[in-house]
Amino acid sequence: MAEFLQFAFSGLTVGAVYALVALGFTLIYNASDVVNFAQGDFVMIGGMSTVFLYATGVPLPLAAIIAILTAVIVGLLLHRLAIEPARGASPVTLIIITIGASMFIRGVAQIVFDKQFHQLPAFSGDRPIEILGATLLPQSLWVLGGGLAVFVALWLFLERTLIGKAVLATAANRLGARLVGINTAVILAIAFGVSASIGALAGVLATPITLTRFDLGTIMTLKGFAAAMLGGMGSPLGAVVGGLLLGLIEAFGAGYISSVYKDGFSFIAILVVLFVMPRGLFGGRSVERV
Amino acid sequence: MTATRTSNAAALEVDGVGISFGGIRALDGVSFRAHPGEVFSIIGPNGAGKTTLFNIVSGLYRPTSGRVRIAGQEATGLAPARLARRGLSRTFQNLQIFFRMTAVENVMVGRHMAEKTGFFADLLALPSVGRQNRATRAAALALLDRVGLADLADQPAGALPYGALKRLEIARALATEPKVLLLDEPAAGCNAVETEEIDQLIHAVAEGGVAVVLVEHDMKLVMKISSRILVLVQGKPLVVGTPAEVRADPRVIEAYLGSHGETEAARADR
Amino acid sequence: MTDAAATSPPSRRTWSPRLVSLVFVTVVVAVLPLVFPSNYYLRVASLVWTSGLAVVGLNLLMGLAGQVSLGHAAFLGIGAYAVAIGPTHLGVPPIPSALAGIALSALVAWIVGKPIFRLKGYYLAVATLGFGLLLALVLTSESAWTGGPDGMPVERVELFGWRVTGALTWYWITGVALIIGVALALNLEASPTGRALRALHDSEVAASVVGVDAARLKLTAFVVAAVYAATSGALLALMNGFVTPDTASFMHSVEFVTMVVIGGMGSVVGALVGAAILVALPQALTVLQEYETAVLGLLIMVFMIFLRQGIVPGLIGLFRGMRR
């Protein structure tokens with residue numbers, strides 16, 4: 001039981017990070033049909049910037065805020081300088097642009113920062129909390145709480161604000177949204193900004209546990225994309241469930257079966273789910289319109 | 001038009017077909033038979049389920065209830081490619097053109113089932129492939145000529161006007177040598193001259209023994225070329241009959257001039 | 001509309017674009033050794049040819065049939081590890097090992113492809129990604145067979161007592177393999193099969209109602225792409241004399257997709273240009289040292305923003321535009 005709980009805790013913690021990355025994917029995908037391969041790099045920017053600011057003596061909370069703002073600026077610049085100029089290009093073209101952007105960000109990061117692994121101190125101490133024989137790091141609570149807060153905030157933003165509703169309208173029907181006067185380019189910019197902030201926050205919260213490095217983005221993109229697809233592309237709830245599920249499968253697979261094949265289990269699970277539900281868990285049934 | 005009924009089995013038989021989307025009954029209890037050589041039309045206000053019916057018959061949707069038979073053989077829920085092999089082809093209301101190909105190539109794809117070269121012959125470009133390509137192209141050009149697009153054969157399909165694309169789809173469907181041909185609004189967006197040409201084309205195709213099933217909003221065209229007409233209203237069959245019967249039926253007039261009359265009128269003006 | 005007719009008059013069929021592409025590739029392969037100042041260039045070019053072969057294969061799947069695979073590198077891995085494991089562990093000579101690897105790759109593609117191609121778009125991409133990741137994971141983890149993360153050496157090929165070695169030798173081997181690969185790809189493109197594949201790309205539903213069996217054709221394209229990749233992987237391993245799991249990695253698969261798109265989806269010459277850019281450019285950019293990745297990323301973005309159809313179709317478009 002203790003062992004089971006232990007795996008569940010670590011699975012949920014990692015899963016919450018995946019869920020946040022997947023949420024970022026979902027927002028941009030809904031506004032543009034584009035899978036943003038630089039999504040994971042926002043996580044890296046959040047973690048690395050905080051680490052380096054903190055090292056120069058900036059207090060941790062301020063460092064985190066500046067780091068998140070940095071990621072937002074990078075996200076907005078990515079939209080303004082690379083996505084917007086290619087407006088109207090096919091999704092494949094835009095995806096390759098984000099792959100180029102990811103390489104660019106990684107390349108710049110290894111110059112601005114360095115090539116070492118870095119860690120942050122835990123926000124509220126390292127003393128583990130004991131629950132039924134399993135231990136839970138306080139930082140895990142920060143990650144889970146942060147994930148929950150983002151999800152609630154995003155929900156309120158989408159459901160309760162006019163801009164949020166415009167984002168939803170754009171996701172549902174881009175042409176329709178444009179016809180009722182929504183500036184879809186602005187919506188996409190907002191999606192990039194918000195995605196970047198969510199990714200960076202995930203990076204800040206996770207760095208005390210998982211370490212960070214200039215090339216962390218690749219694996220984060222991979223896992224976040226997988227989580228989003230598992231949940232069903234375009235569904236925020238699917239992104240969260242997909243992320244948590246992915247984290248749990250990895251933790252239990254690594255714990256009970258084989259740690260070497262940790263990533264294998266998650267992808268076998270994804271393949272199985274897709275064979276049964278070709279549009280993911282929350283992707284809905286498709287009716288082809290012709 | 002005198003329908004030439006060669007056998008008892010109808011070319012296409014739709015029996016009590018219905019479908020639901022997310023609990024909404026989009027189509028319910030639709031039955032009809034189309035025989036070789038006849039033009040069978042389906043009309044009805046917008047949203048009556050005409051295209052949905054086509055999508056079921058052509059295998060894109062699986063019906064929730066009912067059966068579809070082709071030449072007396074069970075064909076419910078077969079994949080479109082299998083149905084094509086049974087002799088059913090169709091055109092689309094919202095065009096489905098191979099836009100990156102030329103006009104003639106679009107029709108050449110329609111000859112796919114008649115092409116005999118195998119994969120390895122194709123890979124090695126054996127002489128048989130060259131012969132096959134020339135034969136396919138010749139057949140496609142003949143069909144383009146038949147629909148009046150011969151001089152646009154080597155144009156990229158993306159550059160053709162709307163009316164031409166409608167006819168291109170007909171040529172592509174004819175290339176499969178169908179026994180049942182579903183035409184979804186072939187005259188939409190066509191001017192009077194083009195509509196007249198399509199009228200003659202459909203007539204000629206049916207004369208050749210094909211069962212043509214037509215969805216069309218141009219009532220003049222429908223009344224002129226149809227042997228029988230099915231009126232659909234809100235997913236349910238209202239009347240089946242000859243043009244004269246349908247025109248005289250008070251329920252049809254009510255359905256059209258009632259709630260949906262205005263949209264139909266708007267279409268007629270266009 | 002008159003200009004389109006003028007650029008492709010049906011009467012001038014003797015020099016089809018297909019033939020132009022093949023002649024172009026052949027001439028480039030034949031002429032480059034004459035102008036290369038050192039073996040280093042020959043080695044880089046050989047890498048471009050092997051990658052190019054894999055990209056030409058992926059282009060058949062992506063450019064022709066419109067199906068994106070994020071697991072292409074896995075098939076490279078199967079070919080590469082076949083020529084490593086065969087001689088080392090099983091006592092099978094390199095060339096039969098390579099052939100077995102290619103056959104195995106085709107078989108795996110067929111088995112995996114059958115269920116995977118029920119999926120569409122991004123779901124297909126993530127399924128191929130998952131498959132590729134699993135294979136890379138096996139290659140990394142089963143150290144007893146594969147040497148683990150560090151990879152393993154590959155025995156040199158010996159033909160009738162002649163050791164196949166030397167930059168120029170491998171240049172010609174890879175160059176000829178590429179030319180054959182390009183020729184076959186061009187053949188396929190212009191055949192009934194190729195026509196049906198292109199049709200699928202534009203409208204699967206329209207292709208299916210005229211009798212094109214979409215599932216079977218996509219599977220065919222997937223198997224063909226896998227054969228190209230495995231051939232490329234086997235050549236790469238034999239040429240380099242070693243293999244690492246990076247050959248089969250996710251990033252390598254992403255690179256292949258990038259090569260296809262940046263060169264121009266559906267263009268065989270474009271596939272080669274894409275391979276040249278992503279293989280040769282990093283070599284040239286090593287002078288920039290730590291700026292290499294950033295500059296490469298920047299170039300990819302710039303190419304895609306200004307030539308969104310890809311470099312080759314984009315430049316052809318610009319050229320046509322200028323002549324007008």
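Visitor: So what exactly am I meant to see when it comes to the overall build of chain A here?
Guide: On a plain count of helices and strands, chain A comes out with 11 helices and 2 strands. Scanning chain A from its N terminus toward the C terminus, one meets helices and strands in the order α-α-α-α-β-β-α-α-α-α-α-α-α. By the compact-globule yardstick of 19 Å for 290 residues, chain A fits well, its C-alpha radius of gyration being 19 Å. Principal-axis analysis of the C-alpha atoms gives chain A an extent of 60 × 50 × 35 Å. Taken across its 290 residues, chain A has 53% of its residues classed as buried.

Visitor: For this particular structure, what's the right way to read the interface of chain A and chain C?
Guide: Quoted interface sizes are often the accessible area lost when the parts come together. Each partner contributes to the interface: chain A provides 39 residues, whereas chain C provides 31 residues. Residue assignment for the side of chain A that touches chain C shows that the elements contributing at least two residues are α4 (91-112), α9 (216-231) and α11 (262-276) of chain A. No other element matches the 15 residues that α4 of chain A contributes to the side of chain A that touches chain C. Here the residues of the side of chain A that touches chain C are counted per class, giving 28 nonpolar, 7 polar and 4 charged.

Visitor: Could you clarify how one ought to interpret the packing of helix α1 (residues 2-32) of chain A against helix α10 (residues 236-257) of chain A in this entry?
Guide: If you want to describe how two helices pack, look at the angle between their axes and the distance between the axes. Residue and element names in this part refer to chain A. Remark: α1 packs on α10, axes separated minimally by 6 Å, with the N-to-C direction vectors making an angle of 145 degrees. In the crossing of α1 with α10, the sense of the turn from one axis to the other is right-handed. Among the residues forming the contact of α1 with α10, the class breakdown is 19 nonpolar, 8 polar and 1 charged.

Visitor: Honestly, helix α2 (residues 39-55) of chain A in this entry has me stumped. Any pointers?
Guide: Along an α-helix, residues three or four apart share an orientation, since each turn contains 3.6 residues. Residue and element names in this part refer to chain A. When the terminal C-alpha atoms of α2 are compared, their 25 Å separation across 17 residues agrees well with the 24 Å that a helix rising 1.5 Å per residue should span. Burial analysis of α2 places 13 of its 17 residues in the buried class, the great majority of the element. The first or second residue beyond α2 is Gly-57, which carries a positive phi of 105 degrees.

Visitor: It is not clear to me how the environment of Ala-234 of chain C should be interpreted in this structure. Could you clarify?
Guide: Topologically, Ala-234 of chain C is positioned in helix α11 (residues 214-240). The residues contacting Ala-234 of chain C, other than those within four sequence positions of it, are Gly-79, Ala-80, Ala-82, Val-83, Ala-98, Gly-101 and Ile-102 of chain C.

Visitor: What's the story with the sheet that holds strand β10 (residues 236-241) of chain B in this structure? I'm lost.
Guide: Whether parallel or antiparallel, the strands of a sheet pair through hydrogen bonds between backbone atoms. Residue and element names in this part refer to chain B. Spatial ordering of the open sheet is given by β6-β7-β8-β3-β9-β10, a layout of 6 strands whose pairing is mixed. In the strand order of this sheet, the two ends are held by β6 (88-90) and β10, each with one partner. If you compare each strand with its neighbour and ignore which way they point, the axes differ by 20 degrees on average. Note: strand β7 (residues 180-184) against strand β8 (residues 211-215), 5 bridges, orientation parallel.

Visitor: Please explain the packing of helix α4 (residues 72-90) of chain C against α11 of chain C as it appears in this structure.
Guide: Residues and elements named next belong to chain C. Two numbers describe how α4 lies on α11: the axes approach to 7 Å, and their chain directions differ by 45 degrees. In this view, α4 runs oblique relative to α11, as classed from their interaxial angle. The two elements α4 and α11 meet at a crossing, and its hand is right-handed. Side by side, α4 and α11 meet where His-72, Phe-75, Leu-76, Gly-77, Ile-78, Gly-79, Ala-80, Ala-82, Val-83 and Ala-84 of the first sit next to Ala-225, Ala-226, Ala-229, Ala-230, Thr-231, Ser-232, Gly-233, Ala-234, Leu-236, Ala-237 and Leu-238 of the second. Of the residues assigned to the contact of α4 with α11, the class counts are 15 nonpolar, 6 polar and no charged.

Visitor: Whenever I open this one, the pairing of strand β4 (residues 65-70) of chain B confuses me. Can you help?
Guide: The side chains of a regular strand alternate, first on one face of the sheet and then on the other. All names here are of chain B. Note that strand β1 (residues 12-21) and β4 share 5 bridges and pair antiparallel. Paired with Glu-13 across the strands is Arg-69, a residue of β4. Summarising the sheet, β4 and strand β5 (residues 73-74) pair through 2 bridges and their orientation is antiparallel. The residue of β5 that forms the bridge with Ile-70 is Gln-73. The hairpin formed by β4 and β5 contains 2 residues between the paired strands, and Ala-71 there has a positive phi angle of roughly 50 degrees.

Visitor: Is there a simple way to think about the domain arrangement of chain B in this case?
Guide: Residue and element names in this part refer to chain B. Domain boundaries assigned for chain B yield domain 1 (1-87 + 178-270) and domain 2 (99-177). A separation of 27 Å is found between the C-alpha centroids of domain 1 and domain 2. Contacts between domain 1 and domain 2 engage 15 residues on the former and 12 residues on the latter. Among the elements of the structure, α2 (80-85), β7 and α7 (192-207) are those that each provide at least two residues to the side of domain 1 that touches domain 2. The element contributing the most residues to the side of domain 1 that touches domain 2 is α7, with 5 residues.

Visitor: How should I be thinking about the sheet that holds β1 of chain B in this particular structure?
Guide: Read across the sheet, 4 strands follow the order β2-β1-β4-β5 (chain B) without closing on themselves; strand pairing throughout is antiparallel. Two strands lie at the open edges of the sheet, namely β2 (24-34) and β5 of chain B, each paired on one side alone.

Visitor: Before we go on, may I ask you to explain helix α5 (residues 127-146) of chain B in this structure?
Guide: When the terminal C-alpha atoms of α5 of chain B are compared, their 29 Å separation across 20 residues agrees well with the 28 Å that a helix rising 1.5 Å per residue should span. Within the span of α5 of chain B, buried status applies to Val-129, Gln-132, Thr-136, Ala-140, Leu-143 and Leu-144 of chain B. One face of α5 of chain B carries all of its buried residues, which in axial projection span an arc of 105 degrees. Facing away from the buried surface of α5 of chain B by more than 90 degrees, the exposed residues are Pro-127, Arg-131, Arg-134 and Ala-138 of chain B. If you follow the buried residues of α5 of chain B, they end up packed against α3 (103-110), α4 (119-124) and α6 (162-174) of chain B together with α9 (192-202) of chain C.

About the cut-offs
- Residues numbered from 1 in each chain as written.
- Chains lettered and ligands numbered in written order.
- Predicted model: local features only at pLDDT ≥ 70, side-chain atom pairs only at ≥ 80, totals over all residues.
- Helix = DSSP H or I, 4+ residues; strand = E, 2+ residues; numbered from the N terminus.
- Rg over C-alpha atoms; globule rule 2.2 N^0.38 Å.
- Buried ≥ 20, exposed ≤ 12 C-beta atoms within 10 Å, placed from the backbone.
- Contact = placed C-beta atoms within 7 Å.
- Nonpolar A, V, L, I, M, F, W, Y, C, P; charged D, E, K, R; others polar.
- Axes fitted to C-alpha atoms, helices over the stretch in contact; angles between N-to-C directions.
- Left-handed = near helix turned anticlockwise from the far one by under 90°.
- Expected span 1.5 Å × (residues − 1).
- Pairing = 2+ DSSP bridges.
- Parallel < 35°, antiparallel > 145°, perpendicular 65-115°, else oblique.
- Domains from an automatic or database assignment.
- Arc of directions from axis to C-beta.

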